[in-house]
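Letter by letter, the chains look like this.
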Amino acid sequence: MTCASCANRIERKLNKLDNVSAAVNYATEKARVQIAAGVEPQLLLDTVEQAGYSARLPKPRTAAPGTAGAPGATGSGTAMGNAGNSTDDAAGVDRVESLKQRVIISAVLSIPVIAMAMIPALQFTYWQWLSLTLAAPVVVWGAYPFHRAAWINLRHGTFTMDTLVSMGTLAALAWSLYALFLGHAGMPGMTHGFEFSLSPSDGAGDIYLEAAAGVTTFILLGRYFEARSKRTAGAALRSLLELGAKEVSVLRDGVETRIPVEALQVGAEFVVRPGEKIATDGEIVDGASAVDTSMVTGESVPAEVSEGDTVVGGTVNASGRLVVRATRVGSDTQLAQMAQMVEDAQSGKAAAQRLADRISGIFVPVVLVLAVATFVFWMITGSGAAMAFTAAVAVLIIACPCALGLATPMALMVGTGRGAQLGILIKGPEVLESTRKVDTIVLDKTGTVTTGKHALVFTTVADGEDEAQVLRLAGAVEDASEHPIARAIAAGAREKAGDLPAVEGFRNHEGLGVSGRVAAGVGPGDGGDDDTTTEEVIVGRPALLAGRAMPLPEELQRAMDVASERGQTAVAVGWGGRARGVLVVADQIKETSAEAIRRFRELGLTPILLTGDNAKVAAAVAEQVGIDPGPETVIAEVMPADKVEQVRRLQAEGRVVAMVGDGVNDAAALATADLGLAIGTGTDAAIEASDLTLVRGDLRSAADAIRLSRRTLGTIRGNLFWAFAYNVAALPLAAAGLLNPMIAGAAMAFSSVFVVANSLRLRRFRAAV
C-alpha cells in the first residue's frame with residue numbers, strides 16, 4: 001500500500017464480503033479481520049489480490065502470539081509492521097534500502113536539472129538537452145513505483161495518490177518533450193527564468209523537466225523518511241518480542257539438556273543461571289535470587305524471589321541459580337500477551353482517523369476533476385496552454401492525501417510502543433478518546449492503593465517488657481499457624497527479632513487465638529534468674545488472655561482501641577500470668593499511593609476510594625493517601641457485585657469515570673467504567689476487562705498512562721489538523737497558478753515528513769519521577 005486511499009480501498013473490498021468485518025491500517029500495513037465460522041482465509045487473500053494488492057496470513061509465533069485468521073494486508077510485497085517475524089523484518093529493511101538507493105540516484109541526477117532551471121547563468125547552449133538526459137531516468141526509473149501502482153489501480157478502476165504523482169510527472173515530461181521536439185524550446189540559446197508564480201505564454205518554448213525530476217525526488221525522499229520512521233516507530237514492539245530467551249536448559253532425570261525455547265512444554269523444569277534470561281513464565285521450585293524485571297515492567301529495582309514465587313519470561317536472573325517449572329509457554333506468556341495487546345492497539349483506528357480515511361477515499365477523484373477544471377479555466381480565460389498545464393499539474397501534486405493517512409497510525413504506533421517500554425499497555429485507539437474526557441478516577445483499595453498483604457505495622461509492650469522478647473515468643477507461636485494474620489506476625493517478628501525458637505504443644509483456639517510452649521530465657525521484669533525456661537505463650541483476642549487471668553493493662557488496652565479506630569487488626573500477647581504486649585497488623589499502603597493521588601489531582605481527576613472494608617478502615621486509608629474523607633469520595637462496605645452499581649451511579653451524575661483495580665471482583669466494574677485500568681500484578685479477569693493494563697503494581701503508572709494517552713491523542717489531533725489545513729490551504733493556491741509544481745511536490749512531501757516527525761516526539765515521553 002502506498003497511501004490511505006489504498007488502505008481504504010482494501011477495507012471496503014473486504015467489508016463487502018458476507019460475515020466479514022475488516023479494518024486496514026496503512027501505517028502498520030495490516031488488516032485485522034473478524035470472520036464468522038465457515039469463511040475461509042483464502043477468500044480474504046483473493047479479495048485483496050483482486051483489489052490490486054498482495055496479502056498473506058501472518059506466521060504463527062512461538063515466543064509471541066500470532067493473529068491467525070487475520071490477514072496482514074501488505075502492498076507490493078511489503079511486510080512492514082509484522083514485527084517478530086525475521087522474514088518480515090528483512091523485507092522491511094530491503095524496502096528502506098531500496099528507497100534510499102532510489103532517492104540518492106534521483107537526487108544526484110535532479111540537482112543539476114533544478115540548478116540549471118533556476119539559475120540563468122548556468123543555461124549554456126543546449127543546456128535543455130542535458131536536462132532531458134538527466135531528468136528522463138528520474139521520471140521513468142525513479143518514479144517507477146508510482147507509475148506501477150497507478151497502472152495497477154487503473155486496471156482495477158481506482159485512483160490513489162500514486163495516480164496523482166504519476167500523472168503529474170509524466171505530464172510534465174510529455175509537455176517538455178513536445179516543447180523540445182515540436183516547439184522552439186530545443187533551439188540553441190534557449191533560456192528561461194525560475195518563478196514561484198506563473199505568467200502566460202504559448203507553452204511551446206517552456207520545459208518542465210526540473211518540476212518532473214524535482215517532484216519525483218522530493219516525493220521519494222518523503223517516502224524514504226516515512227518508511228524509515230515506520231520501522232523506528234515499530235521498534236518498541238520488535239524489542240518487546242525479542243526479549244525472550246532463544247534456548248533453555250531443561251532438567252531431565254537430573255541432567256541438563258539445552259533445547260530451543262519453542263520446544264519447552266508446560267510442566268517442564270528448567271535451570272536459569274545468573275545473568276540468563278528466564279525462558280518462560282513459571283514457578284520457582286528451587287533456589288533464591290534477585291530478578292531484574294525492568295525489561296518487562298519498567299521497574300528498576302530487582303525483585304527478590306525464592307521457592308514458590310512466580311517469575312515472568314523475558315526477565316533476567318541477576319544472582320542465584322534457579323530451577324523453574326514452566327506454567328505458561330508460547331502465546332500464553334505474559335510477554336507474548338503484552339506484545340499482542342500492543343499490536344492490537346496499533347492495528348486499530350480512532351474515530352478521527354476513520355473520518356480521514358473516508359475523506360481520502362473520495363479525495364483523489366475530486367482532485368482529478370479539480371485539475372481538469374483548473375486546466376479548462378485557464379485555457380478559457382486566455383492565459384495560455386503553459387499556465388493552464390502548469391497549474392493543473394500543481395493541483396495534482398499538491399493534493400496527495402498521504403499525510404491524512406499517516407496522521408493517526410503513526411502517532412498510535414509511537415505512543416503505544418513507548419507505553420509498552422514503560423509497562424503501559426493501551427488496548428486500542430478508542431481508549432485515547434476516553435482519557436481526554438475522564439474527570440473522576442475510582443480506586444479499588446486492596447491490591448491497588450494498598451499492597452493487599454497483611455504486615456506487622458507496630459508493636460506496643462507493657463511497662464518493663466522487652467519488645468524483641470515479645471516479638472520473638474509471639475512470632476514463634478504464630479509461625480506454627482497458617483492464618484494470614486499469623487503469617488504476617490511471624491514474618492515481622494523474624495525480621496525485627498531474628499530467628500524464632502521452636503514451639504511445642506501448639507493449640508488453635510477457634511475464633512480466639514493460638515497458644516504453645518516456647519523455650520525462652522526469663523525476660524526482664526520477671527524477677528527470676530536467667531535460666532532458660534519454657535513458657536506457655538498466648539496470642540489472640542483479649543478475651544483469650546482474660547480467660548487465663550491476664551487482663552490488659554491500660555496502655556495495652558489503649559493500643560487496642562487506637563488500632564480498632566484505624567480499622568487495623570490487633571492481637572494481645574501474654575505469658576507467665578501477665579499480658580506483655582499488643583501486636584498490630586494491617587494491609588500496608590503502597591509507598592507510592594499518596595504521590596499517585598497527587599498526580600491524579602494535577603491531571604484534573606477527582607479520586608474516589610472504593611472498598612468492601614468497613615468505614616473506619618476506608619477513612620484511615622483515605623486520610624493517609626490524601627483522599628478527602630467525605631462520603632462522596634470514600635465509599636466503604638461495598639460488596640463486589642455492587643461495585644458496578646457505584647460506577648453507574650457516578651456516570652448517572654454526569655461524570656466520566658476511570659477505574660483502577662486488580663481483582664476478579666473488579667472485572668465487571670472495569671468493563672463498565674468509561675476507562676478501565678488494570679494493575680498487571682492482578683488477575684487475568686481484571687486485565688481482560690480493562691482498557692489499559694499497568695504491568696507494574698505502582699499506582700503512579702496509572703497517572704503516567706493517562707498522561708501518555710492524552711499526549712498521544714493530542715499528537716493525533718495536531719497531525720490531522722495540519723494535514724487538513726495543508727490541503728485546504730494549498731489547493732486553491734495551486735489552482736490559482738501561484739505554485740510551481742516542484743514547490744508543490746516539496747511541500748507535499750514535507751507534509752508527510754512533518755506528520756511522522758511530530759509523531760516521533762512521543763518517543764521522548766518520560767514517566768514522572
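Residues numbered from 1 in each chain as written. Predicted model: local features only at pLDDT ≥ 70, side-chain atom pairs only at ≥ 80, totals over all residues. Heavy atoms only, no water.

Per an unreviewed UniProt entry, the recorded name for the protein chain is Heavy metal translocating P-type ATPase, and the organism is Dietzia aurantiaca. Checking UniProt for the protein chain, the heading Subcellular location (unreviewed entry) contains the comment "Cell membrane". (UniProt positions renumbered as here; feature names shortened; annotations may be inferred.)

Visitor: How should I be thinking about the packing of aromatic side chains in this particular structure?
Guide: Any pair of aromatic rings gets described here by the distance separating the centres and the angle formed by the planes. Taken as a whole and judged by the stated rule, the model has four aromatic pairs. Look at Trp722 and Phe754: their rings are 6.2 Å apart centre to centre, the planes differ by 75°, and that puts the pair in the edge-to-face class. Here Trp722 is found in helix H25 (residues 700-735), whereas its partner Phe754 is found in helix H26 (residues 741-760), with 32 residues between them in sequence. Taking the relative accessible area as the measure of exposure, Phe754 reaches 29% and is therefore partly exposed. An aromatic cluster of three or more residues is present, and its members are Phe721, Trp722 and Phe754. (Phe/Tyr/Trp six-rings, centres within 6.5 Å; stacked < 30°, edge-to-face > 60°. Helix = DSSP H or I, 4+ residues; strand = E, 2+ residues; numbered from the N terminus. Buried < 20%, exposed > 50% of the residue type's maximum accessible area, 1.4 Å probe, protein only.)

Visitor: So what exactly am I meant to see when it comes to the sheet that holds strand S23 (residues 634-635) here?
Guide: Pairing between the strands of a sheet comes from backbone hydrogen bonds, and it takes one of two forms, parallel or antiparallel. Sheet architecture is open: seven strands sit in the order S14-S26-S25-S24-S15-S22-S23, paired in mixed fashion. With one partner strand each, in any of the chains shown, strand S14 (424-426) and S23 form the two edges of the open sheet. Direction of pairing for strand S24 (residues 657-661) relative to strand S25 (residues 675-679): parallel, over a ladder of four bridges. Opposite Met659, over in S25, you have Gly676 as the bridge partner. Along the sheet, helix H22 (residues 643-652) contacts strand S15 (440-444), strand S22 (606-610), S23 and S24; its crossing angle with S24, the most-contacted strand, is approximately 155°. (Pairing = 2+ DSSP bridges. Contact = heavy atoms within 4.5 Å. Axes fitted to C-alpha atoms, helices over the stretch in contact; angles between N-to-C directions.)

Visitor: Would you mind going over the UniProt feature "transmembrane region" (unreviewed entry) in the protein chain with me for this structure?
Guide: UniProt records the feature "transmembrane region" (unreviewed entry) for residues 103-120, 126-144, 164-187, 207-225, 359-380, 386-408, 719-736 and 742-760 in the present numbering. Regarding residues 164-187, the helix share stands at 75% and the strand share at 0%, and the terminal C-alpha atoms are separated by 31 Å. Split by type, residues 719-736 is 94% helix and 0% strand. Its first and last C-alpha atoms lie 26 Å apart.

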